[in-house]
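Architecture and fold: a report
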Amino acid sequence: MSGAQNIIMASRVAHLRELKTEVAGLKAENLALRNELESLRAHFDTALLAAADLRDGEALEIWDGWNLVLGSQRIAHGRDELIGMAKATGRRIWIVFDGPVENVRVNGTVRVSYTGGRGEQRADKFICDFMRMAKYLQLAEKVSVRTNDKDLLSQVGRIVAC
C-alpha cells in the first residue's frame, strides 16, 4: 500500500473508533433514559393510587424522609425509627426518600417510597409534583407536608396558594 492509502486507511480506522465510542455513549444514554422512564411510570402509578386514597379517605401527610432523618432538626435517628414513628401515629402517612432504586412499600396506613433516578432534590420534586396534582384535583387541603426544609415548604405553599 502506498503512503496515501495508509493515511486514508488510518483516517477511516480513527473515524470508526470515534463512531464506536459515540455508539457506546448513545447506548448508555438510552439505557439511562429507559430507566428514568420506568421510574416516572412507577411514580405516576404511585401518585394515582395516593390520589384515589385522597378522594376516598381522610387526610394524608407526606413526610420528607431524609430531611427528617439527616436534617439539622432531625426527628429520628434512622429510617426505621422514622417509619416506626409514622406507624405509631395511626394516620395515613407517605414517607418519600431519595434513593437510587425506585420502589414503594405499604404497611397499613404508612406508605414508604424511594424516588429512584439520579440528581438532587428528587424527593422534593416528587412531593411538589404530587401537591400540584392534588391541587388540580381540588384535594390539596387534604394533604400536609412535614419537613424542616424551608425551600420545600415555600414551594408547597406557592403550589397550594395558586
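Right above here is the structure, for reference.
First, a word on scope: everything that follows refers to the structure included in this document.

The rules we used
- Residues numbered from 1 in each chain as written.
- Predicted model: local features only at pLDDT ≥ 70, side-chain atom pairs only at ≥ 80, totals over all residues.
- Heavy atoms only, no water.
- Salt bridge = Lys/Arg side-chain N within 4 Å of Asp/Glu carboxyl O.
- Helix = DSSP H or I, 4+ residues; strand = E, 2+ residues; numbered from the N terminus.
- Buried < 20%, exposed > 50% of the residue type's maximum accessible area, 1.4 Å probe, protein only.
- Pairing = 2+ DSSP bridges.
- Contact = heavy atoms within 4.5 Å.
- Axes fitted to C-alpha atoms, helices over the stretch in contact; angles between N-to-C directions.

1. So, the pattern of salt bridges
By the definition in use, this model includes three salt bridges. One salt bridge in this structure joins aspartate 129 and lysine 125, with 3.0 Å as the shortest N-O distance. With aspartate 129 and lysine 125 both in helix α4 (residues 122-136) and four residues apart, the pair spans about one turn of that helix. On the accessibility criterion, aspartate 129 (35% relative accessible area) is partly exposed. Lysine 125 sits in the exposed class, given a relative accessible area of 52%. Note that arginine 132 is salt-bridged to aspartate 129, the shortest N-O span being 2.9 Å. On the criterion of helical spacing, the pair formed by arginine 132 and aspartate 129 is a turn pair, its members being three residues apart in helix α4. Relative accessible area serves as the criterion here: at 44%, arginine 132 is assigned to the partly exposed category. When salt bridges that share partners are traced, they join Lys125, Asp129 and Arg132 into one network.

2. Side note on unusual backbone geometry
One non-glycine residue, glutamine 138, lies in the positive phi region at around 60°. Mapped onto the secondary structure, glutamine 138 falls in the loop between α4 and β5 (143-146).

3. Some points on the pairing of strand β2 (residues 93-97)
By the criterion of burial, β2 is predominantly enclosed, with five of the five residues buried. Neither face of β2 is left uncovered, since the one carrying Ile93, Ile95 and Phe97 and the one carrying Trp94 and Val96 both have all their residues buried. Both strand β1 (residues 60-64) and β2 contribute to a ladder of four bridges, which runs parallel. Bridge pairing in β2 links glutamate 61 to isoleucine 93. Sheet analysis places β2 next to strand β4 (residues 110-114), joined by five bridges and oriented parallel. Considered in β4, the bridge of isoleucine 93 is made with valine 110.

4. Here's the deal with the environment of glycine 57
Looking at where glycine 57 falls in the secondary structure, it is placed in the loop between α1 (3-56) and β1. For glycine 57, a relative accessible area of 30% puts it in the partly exposed group. For the pair glycine 57 and lysine 142, spaced 85 residues apart in the sequence, the C-alpha separation amounts to 9.2 Å. Non-local contacts of glycine 57, meaning those with residues more than four positions away in its chain, are made with Arg92 and Lys142.

5. Thoughts on the sheet that holds β4
The strand order β3-β4-β2-β1-β5 describes an open sheet built from five strands, whose pairing is mixed. Two strands lie at the open edges of the sheet, namely β3 (103-107) and β5, each paired on one side alone. Strand-to-strand twist in this sheet, taken as the mean axis angle between neighbours without regard to direction, amounts to 20°.

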